[in-house]
Amino acid sequence: MNTEKIVAQLKEYANIFEVYQKTTFTGYREDKNGNTQEVEVDILDAGPNRLEHRYRCIAKSGDDKIATGNPESTIDMALLHVHWNNLD
């Protein structure tokens, strides 16, 4: 699967102007009350043509709380700037 080709085709055929590839992770964290919380983390990658704002991160807890951050140039920075405390 050629991701760049798929992105180009989505833009051309479906008239989608902004495309992200999504990778999902599931993990467990301890909330501020010491409770174990299941969290699903989506990392969105806009591709190499969007260097400055390439990555976004969206985290959702099992009780439907959501934490996000600003788009960043690296995955590291996208994860660092998520407002994780919004899941508490």
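Our subject is the structure that appears above.
Values in this document were obtained by computation on a predicted structure and should not be read as measured data.

Here is what the cut-offs are and how they apply
Residues numbered from 1 in each chain as written. Predicted model: local features only at pLDDT ≥ 70, side-chain atom pairs only at ≥ 80, totals over all residues. Heavy atoms only, no water. Core = buried A, V, L, I, M, F, W, Y, C linked by side-chain atoms within 4.5 Å. Buried < 20%, exposed > 50% of the residue type's maximum accessible area, 1.4 Å probe, protein only. Helix = DSSP H or I, 4+ residues; strand = E, 2+ residues; numbered from the N terminus. Contact = heavy atoms within 4.5 Å.

**Description of the nonpolar core**
Then comes step 1: One finds Val39, Val41, Ile43, Tyr55, Cys57, Ala59, Ala67, Ala78, Val82 and Leu87 forming the largest nonpolar core, which totals 10 residues.
Then comes step 2: Contributing elements (two or more residues each) for this core: strand S2 (36-45) and strand S3 (55-61).
Then comes step 3: Not counting residues up to four positions away in its chain, the partners in contact with leucine 87 are Arg29, Gln37, Val39, Ala59, Lys60, Ser61, Lys65, Ile66 and Ala67.

**Here's the deal with unusual backbone geometry**
Then comes step 1: The phi torsion at asparagine 15 lies on the positive side, around 60°, for a residue other than glycine.
Then comes step 2: Structurally, asparagine 15 is set in the loop between helix H1 (3-13) and strand S1 (21-30).
Then comes step 3: Unusually for a residue other than glycine, aspartate 64 sits at a positive phi of about 70°.
Then comes step 4: Its location among the elements puts aspartate 64 in the loop between S3 and strand S4 (66-68).
Then comes step 5: With a relative accessible area of 69%, aspartate 64 lands in the exposed category.

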